[in-house]
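Residue-level structure breakdown
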Amino acid sequence: MTMSLHWRNWGGNQQSIATEVLTPGTVDEVAALVKEASATGHKVKAVGSGHSFTDIAVADDRRLLLHRLGELVAVDGELVTVQAGMPLHRLNRVLAEHGLAMPNLGDIDQQTVAGAISTGTHGSGQAYSTLASCVEAVTLVTGTGAVQRIDASSPLFPAARLGIGALGVLVEVTLRCVPAFVLLADERPLPLAEVLAGLDEGIAENDHLEFYWYPYTDRAQLKRNNKVPVSDRPLSAFRGWLDDELLANTVYQGACRLGRAIPATVPAISAVAARALTARTYTDRSDRVFCTPRRVHFTEMEYEIPRECLGEALSALPRIIDGLPFKVQFPVEVRFTGPDDVWLSHGYGRDSAYIAVHQFAGSPYEPYFRAFEAVCAPLGGRPHWGKMHYRDAESLRAAYPKFDDFRAVRDQLDPARVFTNAYLDRVLG
């Protein structure tokens, strides 16, 4: 199978032309390819499913694909080891077959395991942080071509769990999973003021809570997911198709295209969408509740901020949106996580609120994203590594207490910068 030298990410805002595409099928092949690149002065960039919006996966020299390294390695109780190229949707199926599940997930399951943990993919819930916090060990190929397993006994572990592609090529990941569980999903439209007034209580009382605010309106959609013993309220096939396929994808894509063609219609479309939402309550396997199909392509920026700063950041958004020379077609997503100890995790050491802003693919976004970043950065905000941002190493150092410790690990594992690209040069220096 011949792989194209041309590459474009899922959002359509990043592309590159590689000099060569590498498709190893074993760990030894990965090691040999990296060793040869190191000896000849080439760069190697491992690329997953292309779901990052930054240029983190842009490869202008050698692009390394991990799709042939996507199998289950071992199950040992609740510790599951998989090859790092396995997509999350396949991981979820494999875990279910063994009576297990990830304790938390984001809302997209197309990323590879390597890409998801390396960029800080996360869900929502006070008792959870990024998916990297579930990592018990990694095996990676370092910049010299050495194969190294790193677990909690190693001082490198807090860096290797979330390495933004800077430390090596992840080839295997051991995840601490949990027994399979069922979620009761409760989704309902509410006034934004009511959602905000009940946030502290809602975060404390629900396993997982998030909400969406619809620009140009005072309306929001609140989503709460909680563990229950059995799935006794399944969503009908028709309702699932109506909500998640027809309305959320087919109709919504048409509305976005209309808004892009005739911007003046966007506020009315947003108001209709916010009012058209109906409440639904159902039960299902956890990953099927967490993850939903996303066929309407977009570009996204997401910022983590200290939770106590949420009000200040949210209150700035209507002013920003009203001042833009274009319309915003996507709702704003807000999620919450607890602290962890992963050095480059957005939630390192604090309770977090995440605010994600989006634009329909092909629509302008930079003034919107830059204005929002200008609000979040002074609050100590940390940008999601896989979503658009304009920060550099100097500004990120102040946001991450272990930033220089991470850079020291990079010096140790990739001294010749075999794995660097323009993005890593910018964010790590």
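Summary of the structure given here. Here, residues in each chain are numbered from 1, in the same order as that chain's written sequence. Selection of residues for local features in this predicted model requires a pLDDT of at least 70, selection of side-chain atom pairs for listing and counting requires 80 or more, and totals for whole chains, interfaces and linings are taken over all residues. Think of the side-chain values as coming from all heavy atoms in the structure, minus any hydrogens and water.

Attention shifts here to the overall build of the chain. Put simply, DSSP H or I for four residues or longer makes a helix, DSSP E for two residues or longer makes a strand, and each gets a number counted from the N terminus. Regarding its fold elements, the chain presents 14 helices and 20 strands. Atoms counted for the radius of gyration: C-alpha only. Globule rule: 2.2 Å times residue count to the power 0.38. Radius of gyration (C-alpha) of the chain: 21 Å, near the 22 Å computed for a compact globule of 429 residues. Considered along the principal axes of its C-alpha atoms, the chain spans approximately 60 × 50 × 45 Å. Each residue is assigned to one of three classes by its accessible area relative to the maximum for its type, calculated with a 1.4 Å probe on protein chains only: buried under 20%, partly exposed between the two thresholds, exposed over 50%. Per-residue burial for the chain yields a buried fraction of 58% across its 429 residues. Residue exposure ignores everything except the shown protein chains as possible cover, and the areas themselves are Shrake-Rupley values with a 1.4 Å probe. Counting only carbon and sulfur atoms, one obtains 54% of the accessible surface of the chain, whose full area is about 17000 Å².

At least two DSSP bridges between two strands are required for those strands to pair. Pairing between strand β6 (residues 72-76) and strand β7 (residues 79-83): four bridges, direction antiparallel. Bridge pairing in β7 links Val75 to Val80. Taking the residues that link successive antiparallel strands as the turn, the β6-β7 hairpin has two residues, and the phi of Gly77 there is positive, at about 65°.

What follows is about the packing of helix α10 (residues 310-322) against helix α11 (residues 366-376). Axis separation between α10 and α11 bottoms out at 10 Å; the angle between their running directions is 150°. Relative to α11, α10 is oriented roughly antiparallel. Regarding α10 and α11, the two cross each other, and that crossing is right-handed. Mapping the contact onto sequence places Ala313, Ala316, Leu317, Arg319, Ile320 and Ile321 in α10 and Tyr368, Ala371, Phe372 and Val375 in α11. Residues are sorted three ways: Asp, Glu, Lys and Arg are charged, Ala, Val, Leu, Ile, Met, Phe, Trp, Tyr, Cys and Pro are nonpolar, and all the rest, Gly among them, are polar. A class-by-class count of the residues in the contact of α10 with α11 yields nine nonpolar, no polar and one charged. As a rule, the C-alpha atoms of each element are fitted with a line to give its axis, helices using only the stretch in contact, and angles between N-to-C directions run from 0 to 180 degrees. Here roughly perpendicular refers to angles of 65 to 115 degrees, roughly parallel to angles under 35, roughly antiparallel to angles over 145, and oblique to all remaining angles. Each crossing gets its hand from how the near helix is turned against the far one by less than a right angle, where anticlockwise is left-handed and clockwise is right-handed. Two residues qualify as a contact provided that any one of their heavy atoms is within 4.5 Å of a heavy atom in the partner residue.

One non-glycine residue, Ile164, lies in positive phi territory at about 45°. Residue position: Ile164 is located in the loop between α4 (157-160) and β11 (169-176). You can call Ile164 buried: its relative accessible area is 1%. We note that Tyr216 has phi near 70°; this positive angle belongs to a residue other than glycine. Counting through the fold element by element, Tyr216 comes out in the loop between β14 (208-213) and β15 (219-228).

With that settled, consider the environment of Lys327. Within the element layout of this structure, Lys327 appears in the loop between α10 and β18 (332-337). The class of Lys327 is partly exposed, set by a relative accessible area of 32%. Those residues in contact with Lys327 that sit more than four places away from it in its chain are Tyr216, Pro263, Val266, Pro267 and Gln359.

Below, the discussion takes up the side chain of Thr142. With respect to the element layout, Thr142 can be found in the loop between β9 (135-141) and β10 (147-151). The exposure class assigned to Thr142 is buried, which follows from its relative accessible area of 4%. Filtering out sequence-adjacent residues up to four positions away, Thr142 remains in contact with Val34, Gln148, Leu167, Leu413 and Phe419.

Attention shifts here to the nonpolar core. Within this scheme, the nonpolar core is defined by two criteria: the residues are buried Ala, Val, Leu, Ile, Met, Phe, Trp, Tyr or Cys, and they are joined through side-chain atoms within 4.5 Å. Counting residues in hydrophobic clusters, the biggest one holds 66 residues, and the most contacted among them are Leu91, Met102, Ile164, Trp385 and Phe406. Leave out the neighbours within four places in its chain, and Trp385 touches Thr54, Ile56, Thr119, Leu162, Ile164, Leu344, His346, Leu396, Tyr400, Tyr423 and Val427. Membership of the second largest hydrophobic core comes to 47 residues, among which are Phe53, Leu222, Ala316 and Phe336.

Once that is clear, we can look at the packing of aromatic side chains. Each pair of aromatic rings taken from Phe, Tyr and Trp, with Trp reduced to its six-membered ring, is defined by centres within 6.5 Å and is described as stacked if the planes are under 30 degrees apart, edge-to-face if over 60, and tilted in the remaining cases. Scanning all chains against the criterion turns up eight aromatic pairs. Ring geometry for Tyr368 versus Phe369: centroids 5.7 Å apart, planes at 45°, classification tilted. The two residues Tyr368 and Phe369 agree in class, both being buried. The structure contains a cluster of three or more aromatic residues connected by ring pairs, namely Trp10, Phe53, Phe298 and Phe330. Over the ring of Tyr390 we find Arg370, and its NZ or CZ is 3.9 Å from the ring centre. Lysine and arginine charges are scored as sitting over a ring when NZ or CZ, respectively, is within 6 Å of the ring centre and within 35 degrees of the ring normal.

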